[in-house]
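Understanding the architecture of this molecule
One letter stands for each residue in the lines below.
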Amino acid sequence: RPRWAPPKRGYFPPKPTPLLDSLGNEGTRGMKGMSVEQLKDLAEEVRWQVLDAVSVTGGHLGAGLGVVELTVALHAVYDAPRDEICWDVAHQCQPHKVLTGRRDRIYTLRQGGGLSGFAKRKESEYDAFGAGHSTTSISAAVGFEEARKAQGKKGHSVAVIGDGAITGGMAWEAMNHAGGLGSKIVVVLNDNGQVSLPTFYNQVQKPVGALSETLAGTSVEQGRGLQIQDNFAKLETSEGFQRGRQFLKAASKTFLPEQLSSAAAKRDEYARDFVKTVPFRGSGASSKGELFEQLGFYYVGPIDGHNMETLFEMLQKIKREHEEGLINKPVLLHIKTKKGNGYEPAQRASDKLHAVKPKFNVPKPADAPKVAPPPAPLTKVFADALVKEAETDEKICAITAAMPGGTGIGIFEKRFGPERTFDCGIAEQHAVTFAAGLAAGGLKPFCAIYSTFLQRGYDQLVHDVALQQLPVRFILDRAGLVGDDGPTHGGTFDLSFMACIPDMLICASADEAELVHMVHTLAKIDDMPTALRYPRASAYGDLELPAEPRFLEPGKGRISREGRDNTLAILSVGGRLRECLAAAAELEKYGVSATVADARWVKPLDEKLVSLLATEHKVLLTVEENAIGGFSAQVHQFLLEGGHLDGINRTPLVMRSLMFPDRWIDHNQPVLQYDDAGLNASQIVAKALAALERAGVKVSEGPAKDVASTSHKKQVAKA
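Below is a short write-up of the structure. Owing to the predicted nature of the structure, the values given are computational and were not obtained by experimental measurement.

Bringing helix H13 (residues 308–324) into the picture now. Relative to the 24 Å expected for 17 residues at 1.5 Å per residue, H13 spans 24 Å between its end C-alpha atoms, a close match to the ideal helical length. Where H13 is concerned, the buried positions are Met-308, Thr-310, Leu-311, Phe-312, Met-314, Leu-315, Lys-317, Ile-318, Lys-319, Glu-321 and His-322. The backbone nitrogen of Glu-309 has a side-chain oxygen 3.1 Å away, supplied by the residue at the start of H13, namely Asn-307. One or two positions beyond H13, positive phi appears at Gly-325, with a value near 80°.

Moving on, we get to the sheet that holds strand S16 (residues 595–598). Strand order in the open sheet made by the five strands is S14-S16-S15-S18-S19, with mixed pairing throughout. The open sheet has two free edges, formed respectively by strand S14 (558–561) and strand S19 (654–658), since each of these has just one partner strand. Adjacent strand axes in the sheet meet at a mean angle of 25° when their direction is disregarded. Across five bridges, strand S18 (residues 619–623) lies against S19 in parallel orientation. From the neighbouring strand, Val-623 faces S19, where its bridge partner is Leu-658.

With that settled, the discussion passes to the nonpolar core. Among the nonpolar cores identified, the biggest contains 65 residues, and Leu-42 and Leu-74 are the most heavily contacted of them. With ten residues, the single largest contributor to this core is helix H2 (residues 36–57). In this structure Leu-42 touches Leu-19, Leu-20, Leu-23, Met-31, Met-34, Val-72 and Leu-99, once residues within four positions along its chain are discounted. Counting residues in each nonpolar core, the second largest holds 49 residues, with Cys-397, Met-403, Val-472 and Ile-501 among its members.

Another point: the packing of helix H18 (residues 428–440) against helix H20 (residues 458–466). Their axes nearest at 9 Å, the elements H18 and H20 cross at an angle of 10°. One finds that H18 runs roughly parallel with respect to H20. Contact residues: Gln-429, Val-432, Thr-433 and Ala-436 in H18; Gln-460, Leu-461, Asp-464 and Val-465 in H20.

We now examine the side chain of Asn-361. Position of Asn-361 among the secondary structure elements: in the loop between strand S7 (355–356) and helix H15 (378–392). A polar side-chain atom of Asn-361 sits 2.7 Å from the main-chain carbonyl oxygen of Tyr-11. Those residues in contact with Asn-361 that sit more than four places away from it in its chain are Tyr-11, Phe-12, Ser-55 and Tyr-343.

To continue, consider the pattern of salt bridges. This model, assessed by the stated rule, comprises 38 salt bridges. The shortest N-O distance in the salt bridge between Asp-494 and Arg-533 comes to 2.7 Å. Within this pair, whereas Asp-494 is found in helix H21 (residues 494–499), its partner Arg-533 is found in strand S13 (residues 530–533), the two being separated by 39 residues in sequence. Both residues of the pair, Asp-494 and Arg-533, count as buried. Among the salt bridges present, the one from Arg-576 reaches Glu-625, with a minimum N-O distance of 3.6 Å. With Arg-576 in the loop between strand S15 (568–572) and helix H23 (577–587) and Glu-625 in the loop between S18 and helix H25 (631–641), this residue pair connects regions lying 49 residues apart in the sequence. The residues Arg-576 and Glu-625 share a single accessibility class, namely buried.

Parameters at a glance
Once a new chain begins, its residue numbering starts again from 1 and follows that chain's sequence as written. Only residues with pLDDT of at least 70 are given local features in this predicted model, and only at 80 or more are side-chain atom pairs given and counted; all residues enter the totals for whole chains, interfaces and linings. Side-chain numbers here rest on the full set of heavy atoms in the structure, without hydrogens or water. Strands here are runs of E lasting at least two residues and helices are runs of H or I lasting at least four, both read from the DSSP assignment and numbered beginning at the N terminus. Multiplying 1.5 Å by the residue count of a helix minus one yields the expected span of that helix. Only protein chains enter the accessibility calculation, which uses a 1.4 Å probe; a residue is then buried when its area is under 20% of its type maximum, exposed when over 50%, and partly exposed in between. Polar contacts, as counted here, are pairs of nitrogen or oxygen atoms within 3.5 Å of one another; within protein the pair requires one atom able to donate a hydrogen and one able to accept it, and residues that are adjacent in sequence qualify only if both atoms are side-chain atoms. The pairing criterion is simple: DSSP has to find at least two bridges between the two strands. Between the N-to-C directions of two axes lies an angle of 0 to 180 degrees, each axis being a line fitted to C-alpha atoms and, for a helix, fitted only over the stretch in contact. In this text, buried Ala, Val, Leu, Ile, Met, Phe, Trp, Tyr and Cys residues form a nonpolar core when linked through side-chain atoms within 4.5 Å. Whether two residues are in contact is decided by their heavy atoms: any pair within 4.5 Å suffices. Here the word oblique covers every angle except those under 35 degrees (roughly parallel), over 145 (roughly antiparallel) and from 65 to 115 (roughly perpendicular). Note on definitions: salt bridges are taken to be side-chain nitrogens of Lys or Arg within 4 Å of carboxyl oxygens of Asp or Glu.

Take a look at the structure:
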């Protein structure tokens, strides 16, 4: 395939970048001698470079624009890669990549063979810890710091975490541990008021959860209040202030009984909170510092996360005072930022341009021809189907873990409001057990979580839902490969980790009509947990959605194509059915008339259908969008136990399975990812021909050695 060639620039007007040019691709060493004014100018150059690159590649944008000043300040103060900077989620790491020797490849972000959209250890030594999922940075930073301490090495560990990611329980587990260890890490809390995606949608008028209320108060727009906090932060991180604190603590330990000494130490925390809050009411400090101080942190802020002078000074002081022992505990630096800062269209957008498509800034000409709208995303098909079910069943409610847009739950909320819609924040563990509680309480919860994110709630799925046989309905969007988000977001394991759980029903939709039927089916099953998976894709658009959905009997599949010669059966589950049908059409050119079946259910397995296919055909292929241990494992086990593979008193069955290989599939366009995984029509044909040869079935020569279907060739060429 032709390699992707980066353009000289993107779709923003060109801008001189002398400071950025001076760094070349040598990393951040050249930043150490820059003045604060130069760092400000460098930040503007980085912001332009991020905008211009993302205008070509598409992808995450708003979060990266919001941390440009922070990224520049961090790299100016700390000595990465020796000092680890751990980016939580890392969807905001484009400025970091521009500064750390990857500017020459920045126009390959999220492209096949190009830079990842997230931090990735294999990509650069500056990417200290890979990410993509949320709430991992503090744990990683504590690990780095303790490893350094154990080996007697010098350095610092910094975690950058947002106000959305810090809603996850793992962040608080890590902070509890860090405070107990006295681990001298720095946690930068990037507070931009964007807890969910989007934060404000339909009838939701404030960020999710009580923690967002605690952190609220000051915003970047409230200049006077934030300036007061900036000045106080400079004071409380000054050397004189820290030496005074140490002197008073030492004196209290020497001259006061233990009980009074402990109380005196707490007075320091309370006094700083009092001074920040009472005399300067409206400055936004409130008592949020005490929340973190009780976990053993030294809290600083909130400060303006776009004020380079303040950021640079604060980070320098914290670094120095950690080194000199003036602060011997973890520090939480609370910064206030604006997502999408520096780009007005992002500021106006409800989601602050969280993610964009290529050429997002290029206006359409007034005389541009009208293009027919594409088919609806499957996410919308699901959401509309759920709304329809809920209109006739008031017990149905919906749950999301901070992804109302990505899961379609925002559409449900628009119809039914927050009374029947629950956004838990980035807290999948809680979301799953919360759903279990709702089910035990008599409601019918639909818990919509990306396949990859349900991994974070697996113990709750087993212990709190399945073991108690509670009828929670799990809706797993993004099942299979997901394109440019790459392996961190691929839904590649859910059939494996769910199919082994007793009393769990699992179905997978092959198209939009099946998806609607399956939503209806799950709504009617009220005596055990169920799961429905579907891919990140649009509807095919050539099927009429059912006006009256049917109940699909669990454990009953369907024949999608009847073969004529009983040589080959292809058994698919989920979104590869049309590729299987395309493969069957291609096999006709080899004189092979294949039967194609859609299993619909992974559990319970349609044993009658599987037995029929195995008995009446010489070759059986299974096809699924999952790793080993999923659907094919269920089929194999049934056939083994039923004696279908023994070859005694019957024609031996040749069986092969197509699934994801035992390796990571890197980010790329979906058709190329599935090509890499061996799950497109051409690979199904090749696997079928090899199995038929093994079974002793003679086939005709066929049209050519390249057996890819015409439609597949067109897809690959377009990609």
